[in-house]
Amino acid sequence: MTSESALRRKLSTPPRAEALPRLTPERVWRRAFEFGLGRQPGVAVRIAAAERGLVHPPEVAAMVEAGDLALLLDGPDGYGAAIVPRGVLAGLIERQTLGRLLSRPVPDRAVTAVDAALVADPFDGVLAAQETLAAELSGAGIAAGFRYAAPVADPQTLPLSLADAPHDLWRFDLALGEGTARSGVVRLILPRPAPAPAAASSAASHWAGRLEARVLDGRIALDAVLYRTEMEVARLRALAVGDTIRLTRRDLDGVAICAAGGVQVATARLGRAGGVKAVKIGAPVSEIFTLASDPAPDAPASLPDAGEAPP
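These numbers come from a predicted model, not from an experiment.

**Quick notes on the packing of aromatic side chains**
All chains considered together, the criterion is met by six aromatic pairs. Ring geometry for Trp29 and Trp170: centres 6.1 Å apart, planes at 50°, overall tilted. Residue Trp29 is located in helix α2 (residues 25-37), and its partner Trp170 is located in strand β5 (residues 167-176); the two are separated by 141 residues in the primary sequence. For Trp29, a relative accessible area of 0% gives the class buried.

**Here's the deal with the environment of Asp243**
By the element assignment, Asp243 lies in the loop between α6 (233-238) and α7 (249-253). Polar contacts involving the side chain of Asp243 include one to the main-chain amide nitrogen of Ala240, which spans 2.7 Å.

**Focus on a nonpolar patch on the surface**
Together, Tyr227, Leu236, Leu239, Ile245 and Leu247 line one region of the surface with nonpolar side chains, adding up to about 430 Å² of accessible area. By the element assignment, Ile245 lies in the loop between α6 and α7. Judged by relative accessible area, Ile245 falls into the partly exposed class, the value being 43%.

**A closer look at the confidence of the model for the protein chain**
Per-residue pLDDT for the protein chain averages 78, and the proportion of residues at 70 or more is 77%. Counting contacts from residues 283-311, a segment whose pLDDT is below 50, to residues more than four positions away or on other chains yields 41 contacts.

**What about the sheet that holds β5?**
Here six strands make up an open sheet; going across it, the order is β1-β5-β6-β3-β2-β4 and the pairing antiparallel. Strand pairing shows two members of the sheet lacking a second neighbour, β1 (45-55) and β4 (147-151), which therefore form its edges. With direction set aside, neighbouring strand axes in the sheet form an average angle of 25°. Here nine bridges tie β5 to strand β6 (residues 183-191), and the two strands are oriented antiparallel to one another. Residue Phe172 lies in a different strand from β6, and its bridge partner there is Val186. Against the sheet, α2 engages β1, β5 and β6, with an angle of about 135° to β1. The sheet strands contacting helix α3 (residues 86-97) are β2 (69-75), β3 (78-84), β5 and β6, and the helix crosses β5 at an angle near 60°.

**Some points on the sheet that holds strand β10 (residues 276-281)**
The strand order across the open sheet built from four strands is β7-β8-β9-β10, with neighbouring strands paired in antiparallel fashion. Only two strands of the sheet have a single neighbouring strand rather than two, namely β7 (223-225) and β10. This sheet shows a mean twist of 40° between the axes of neighbouring strands, independent of strand direction. Where strand β9 (residues 264-273) lies against β10, six bridges are found, and the strand directions are antiparallel. By the bridge assignment, Arg272 is partnered in β10 with Lys277.

**Re the side chain of His167**
Along the chain, His167 turns up in strand β5. Within the structure, the side chain of His167 is placed 2.7 Å from the backbone oxygen of Ala165, a separation counted as a polar contact. In this structure His167 touches Gly53, Leu54, Val55, Pro57, Tyr79, Leu162, Ile189, Leu190, Pro191 and Arg192, once residues within four positions along its chain are discounted.

**Examining the nonpolar core**
Formed by 38 residues in total, the largest nonpolar core has its most connected members in Trp29, Phe33, Phe123, Leu174, Leu188 and Leu190. Put simply, the parts of the chain that give this core at least two residues each are α2, β1, β2, β3, α3, α4 (113-134), β5 and β6. Top contributing element to this core by residue count: α4, with eight residues. With near-sequence residues (within four places) excluded, Leu190 lies in contact with Trp29, Leu73, Gly80, Ala143, Phe146, His167, Asp168 and Trp170.

Quick notes on the rules
Residues numbered from 1 in each chain as written. Predicted model: local features only at pLDDT ≥ 70, side-chain atom pairs only at ≥ 80, totals over all residues. Heavy atoms only, no water. Phe/Tyr/Trp six-rings, centres within 6.5 Å; stacked < 30°, edge-to-face > 60°. Helix = DSSP H or I, 4+ residues; strand = E, 2+ residues; numbered from the N terminus. Buried < 20%, exposed > 50% of the residue type's maximum accessible area, 1.4 Å probe, protein only. Polar contact = N/O pair within 3.5 Å; in protein donor to acceptor, adjacent residues only side chain to side chain. Patch = residues over 30% accessible without salt bridge, like charges linked within 9 Å, V, L, I, M, F, W, Y side chains within 5 Å. Areas by Shrake-Rupley, 256 points an atom, 1.4 Å probe, with all protein chains shown as cover. Salt bridge = Lys/Arg side-chain N within 4 Å of Asp/Glu carboxyl O. pLDDT = per-residue confidence, 0-100. Contact = heavy atoms within 4.5 Å. Pairing = 2+ DSSP bridges. Axes fitted to C-alpha atoms, helices over the stretch in contact; angles between N-to-C directions. Core = buried A, V, L, I, M, F, W, Y, C linked by side-chain atoms within 4.5 Å.

Quick look at the structure:
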């Protein structure tokens, strides 16, 4: 009996399906840095650790050390910040200007606006890649959509640009190249995204929610009816310009706010606001006038301000 060759046995054995690593916020940032900073051939980007914590804005200024570059980031949830250590900053500048990483020690110098301009494009590449990858995560609570905004000359002013609320603090132990001093801890301070709205429990409730939103976005016409009266047809035909229809003080407080079909939805009082005629919803009769007596029969009625109670 002839035995089947090893090659045939391998071809006849179906390959085992290997599960892909689960995508997490940490893996999203790792891949974003590797893609955004590692697009230049021959330069490896290594992240030894990626951690997320919590930080309050007043604590951010103390994180910026001498030689670090502080950046302001702009995003859909407000401003964020990035702190680039001097070693990583030197590596990014050398790649932009020389096309390679140097092996000599990192120079000790102050950062400049030119440094920030050279770092802007690589960091935008990281943030753009992170935004694309974060779209694959559902309900992970990871901020995305940020871009480079401006350098921060004085780190003490950095907390003033951040919202007065706890922020996510991401720490990445990052190294550029092999065996170089172009490494350090990159910090990202990003606002915590608002929780996503809960999904509808069923198709019926989803349809009802959409219908309600569409109805509530509609517009309806409202009429402010000051006074209603009845009179004989002969008197109606005899009305002319300058004739007077007398109103009582109760009529001024009894303005009816009516919707389509004459359905009354509220009561209001007549007055003025900002120099124009207006009605104030729901004012009680006692707030209308504090006059000791009715005005003279031929005197025009004095209207109170709709936005303020009369003296």
